Structure formats: C-alpha cells, structure tokens
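# Working through the structure, step by step
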Amino acid sequence: MTVDSADSTAAAQKAQPPRKRAAAKKSPRKSAAKTAAAQGPELVQLLTPEGKRVRTAQTAVYDAYVDAITDDELRGLYRDMVLTRRFDAEATALQRQGELGLWASLLGQEAAQIGSGRATREDDYVFPTYREHGVAWCRGVDPTNLLGMFRGVNHGGWDPNSNNFHLYTIVIGSQALHATGYAMGVAKDGADSAVIAYFGDGASSQGDVLESFNFGAVYNAPVVFFCQNNQWAISEPTERQMRVPLYQRAQGFGFPGVRVDGNDVLACLAVTRWALERARNGEGPTLVEAFTYRMGAHTTSDDPSKYRADEERVAWEAKDPILRLRTYLESQTDTDEGFFAELDAESEALGKRVRDVVRAMPDPGHLAIFENVYADGHALVDEERAQFVAYQASFADEAAGEA
C-alpha cells in the first residue's frame, strides 16, 4: 500500500509541468525558512529598545555580571558609544572629502563593540577585523591611529603589544586563526588571561573561522569568538549564508554559543564577561553572536540602497543602542542635561582633532614600502627597489626636459 502511494505521488509529480514540479520540491525548504523566521532570534536582552531593564529566567546567569554597575559606569558606557559614533561619522566625512581612501563604518554596532570591549581585562588580547573602532577605543588606542592605514600612510598606526590589540585585519576571517593560536600559547604558558576574536556574519562562512572553531575546541583554548551579525555580508543577507541561527554553529564543534542583543550594551557586556571568565577558568571557547544591524554601508565604496529596503533600516533605527541607554539614564539615574551638554562639546572637540590630525599626517617616503620586508634583505626586493627608483627618476628627467 505504501509503495503504491509513493508511486502514485511520483507519477503525479512527473505529470506536472517542469516549473510546477520544481516549485513542489522547493516548498518544504521555503516553509522551514518561514517557520524559522517567524520564531525570531532567541537572544539575551537586559535593556529593551524602550530603555527598560528586564530580568527573566533566561538572563539570570548574566544579570550578576552587571548588577553592581554604577551610574557613573553607565554614563561611561554611554560616553564611549557617543564618542565612537562621532569619530566614525568624522572618518566617513573625511573619506567623502578625499582625505581617506576607504572607511568601514560601525554605525549601529556601538553597543556590541563597547559592551564587549569594556568586558575585557587589560591582560586579555584582542584580534579585530577592520571595523572594531569601538573596541579599539576601549583598549586605549588613539582613534587617529586607526586612520593612517585608510589614508595610505602606514600599515597600522599602533604597536599591538602596547594595548594587547592586534592590528586591523583586512583578509576576511584570518584573524580567528591568529587568535586561536595565540590562545593556545596562552594556555601553554599558564597565563590567567583570555583572547577574543572579532569577525562578522560573512566571515563565519570562511574556512579559516571554522578551522579556528575546531582548533579552539580540541585544544580547549581560552578564546571567545565574537561575531557581530549585522545581517549583511556586503550585499548577501544571512539567510543566504546559513540555514540555522549563527550561534548554533558552535554546537557542532563542542562548545557553547550564545545569541545576545547586539544593540543592548548591558547584555553585550554581561555575556562577554561570562564568556571570558569561562575561558580564563579553563572551560574552553564560546561563540557569542551579537545580533545587530549595519545601519550604513558596508564600506564607503558600497551603496546599500541597491540591495536592501529602507523599511528595514527604519525598523532598526527604533532599536538604536545609544538612544535606549540614554532613555534609561534619564529615567533611572540622576543624569542631568549638563552631562549630555558636556558630552556634546567633547564630541565636537574629538571631531575637530581627528580632522586636524588626519590632514597633517605626513606622506611616507617613496621607498618605505621596501623596508622591513625581510630582516636581512633580499635580492629580489633589492631589484624591485632599483626598478622603482629608476621609474621615479624618469619623471624628474621628463620635467627637466620640458624646462
């Protein structure tokens, strides 16, 4: 009876026009995707978009990490986010004015970066991508030092070991392996510190990231994988990158994954502190997925209006991480208008300093690119240098001839 029914179904499908048969085959997948979308993200949230502190059974384990936070510390988190956004806006403007070659904005992701960045200890080590301007701020890196690479005058404007903050990584996902290897070394040294690696949802599809998951799990490395899921890998949405919520990928490698409201600075702070504590206690890696949204373009060379709807962005504007913390400060603390006014003035001063410093950055020497490629020199580099010197000299010869 079962065989007959199956044969009848197959025959009926064959009798359908090819287009209808294809639709019939795809429908279960579409239904599953719609069901998953309807369920929505399961995330840790301590501060709602309306600025209300919430406590649930799900968040109880994380509440302890922020319950003792003072009003001054809350104002500090707010200040961090405001100044980071101001710096980011200034950098975007400088690129539009031709002062930078490119810029990757963090607009909308301030809570994920400030919350996680403030969760780290001084002796922890951070491996960023190229968008972690807020984390750099938390690690004490002068924001103007971030701009030299984007202006094309250096390869990174700071010493990674002075702040335990690695140089920006342009190659997608490679820093996750660097972080895991460093964490394995930390474990072998017996140090009481942890490592945190930042990457985006698009990078989570890279082999380097998945390999780092495996190494981190097998060697029980003290590393936290912090993924800022801003839902767009340039123009590719997350539903075209993965069939399950991103944080669930950790299960396949044998360590926990947590999805946190990436626009809630308190939740990001608490969950990251919890994950770093696990790492320091020898409990291995954790994947933290900060569910947030990229409010602007992927970089200044991108036009998001070509691939996403304005309604989507407008919906996320109501979840603005800075606005929700300000609402909480105004309603639940003694923060007055004087604090916000002083911060506005500090913000404008920061913008002016960034403009002045960038425009005063000296251009590197023409031959600087050949320096420090090899410790003891190399015949091929010497040959390339000589060719470049001759090329540069040809312009002077031409100018002299015209004169």
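None of the values given here were measured: they were computed from a predicted structure.

Before going further, it helps to examine the overall build of the protein chain. Each helix and strand counted, the protein chain has 15 helices and seven strands in total. Looking at the 403 residues of the protein chain, the share that counts as buried comes to 45%. Counting contacts in the protein chain only where the partners sit at least 6 residues apart, residues at least 24 apart contribute 74% of the total.

Next up on the list: the confidence of the model for the protein chain. Per-residue confidence for the protein chain averages 90 on the pLDDT scale, and 89% of its residues sit at or above 70. Low pLDDT (under 50) marks residues 1-40, which in the prediction has six contacts with non-local residues, meaning those over four places away or in another chain.

Glancing now at the environment of Asp-72. Along the chain, Asp-72 falls in helix H4 (residues 71-96). Taking the C-alpha atoms as reference points, Asp-72 and Asp-334, 262 residues apart in sequence, are found 9.9 Å from one another.

This part covers the nonpolar core. Membership of the largest hydrophobic core comes to 68 residues, with the highest contact counts inside it found for Tyr-78, Leu-147 and Leu-325. Ranked by the residues each element gives to this core, the list is headed by helix H11 (residues 265-280), at eleven residues. What Leu-147 contacts, discounting residues up to four positions off in sequence, is Phe-87, Ala-91, Leu-100, Trp-103, Val-354, Val-358 and Met-361. One finds Ala-183, Val-195, Ala-221 and Leu-287 within the second-largest nonpolar core, a separate group that totals 22 residues.

Estimated volume of the second largest pocket: approximately 370 Å³. Residue lining of the second largest pocket: 13 residues in total, with Val-153, His-155, Pro-364, Ala-368 and Ile-369 positioned closest to the centre.

With that out of the way, let us pick up the pattern of salt bridges. In total, this model carries 28 salt bridges according to the counting rule given. One salt bridge in this structure joins Asp-192 and Arg-121, with 3.5 Å as the shortest N-O distance. Here Arg-121 lies in the loop between helix H5 (110-119) and strand E1 (125-127) and Asp-192 lies in the loop between helix H9 (174-189) and strand E2 (195-200), a separation of 71 residues in the sequence. The exposure class of Asp-192 is partly exposed, given its relative accessible area of 48%. Arg-121 sits in the partly exposed class, given a relative accessible area of 31%.

In this section: the sheet that holds strand E3 (residues 223-229). Pairing is parallel in the open sheet, where five strands are placed in the order E1-E2-E3-E7-E6. The outermost strands of the open sheet, each flanked by one partner alone, are E1 and strand E6 (257-261). For this sheet, the mean angle separating the axes of adjacent strands, direction not counted, is 20 degrees. Note: E1 against E2, three bridges, orientation parallel. Counterpart to Tyr-125 in the pairing with E2 is Val-195.

Tracing the sequence through the fold places Ile-196 in strand E2. As for Ile-196 and Gly-117, which are separated by 79 residues in sequence, their C-alpha atoms are 9.5 Å apart.

In terms of residue burial, strand E7 (residues 286-291) counts as a mostly covered element, since six of its six residues are buried. Of the two faces of E7, both are covered, the one formed by Thr-286, Val-288 and Ala-290 as well as the one formed by Leu-287, Glu-289 and Phe-291. Direction of pairing for E3 relative to E7: parallel, over a ladder of six bridges. The partner of Phe-225 across the bridge, within E7, is Leu-287. Across five bridges, the pairing between E6 and E7 is parallel. When the sheet's bridge partners are listed, Asp-261 is paired in E7 with Phe-291. After leaving E6, the chain enters H11 and then returns to the sheet as E7, a path that is right-handed.

This part covers the packing of H9 against helix H10 (residues 207-218). With their axes 7 Å apart at the nearest point, H9 and H10 run at an angle of 15 degrees to one another. If you check the angle between H9 and H10, you find them roughly parallel. Here H9 and H10 pass one another in a crossing that is left-handed. Contacts from Ser-174, Ala-176, Leu-177, Thr-180 and Met-184 of H9 reach H10 at Asp-208, Val-209, Glu-211, Ser-212, Phe-215 and Gly-216. Per-class residue counts for the contact of H9 with H10 are five nonpolar, four polar and two charged.

Conventions adopted
- Residues numbered from 1 in each chain as written.
- Predicted model: local features only at pLDDT ≥ 70, side-chain atom pairs only at ≥ 80, totals over all residues.
- Heavy atoms only, no water.
- Helix = DSSP H or I, 4+ residues; strand = E, 2+ residues; numbered from the N terminus.
- Buried < 20%, exposed > 50% of the residue type's maximum accessible area, 1.4 Å probe, protein only.
- Contact = heavy atoms within 4.5 Å.
- pLDDT = per-residue confidence, 0-100.
- Core = buried A, V, L, I, M, F, W, Y, C linked by side-chain atoms within 4.5 Å.
- 1 Å grid on protein atoms, 1.4 Å probe; cavity = no way out; pocket = protein on both sides within 12 Å on 5 of 7 lines; lining within 4 Å.
- Points joined across faces, edges and corners; volume = space filled by probe spheres on them.
- Salt bridge = Lys/Arg side-chain N within 4 Å of Asp/Glu carboxyl O.
- Pairing = 2+ DSSP bridges.
- Axes fitted to C-alpha atoms, helices over the stretch in contact; angles between N-to-C directions.
- Right-handed = clockwise from strand over helix to strand, strands pointing away.
- Parallel < 35°, antiparallel > 145°, perpendicular 65-115°, else oblique.
- Left-handed = near helix turned anticlockwise from the far one by under 90°.
- Nonpolar A, V, L, I, M, F, W, Y, C, P; charged D, E, K, R; others polar.

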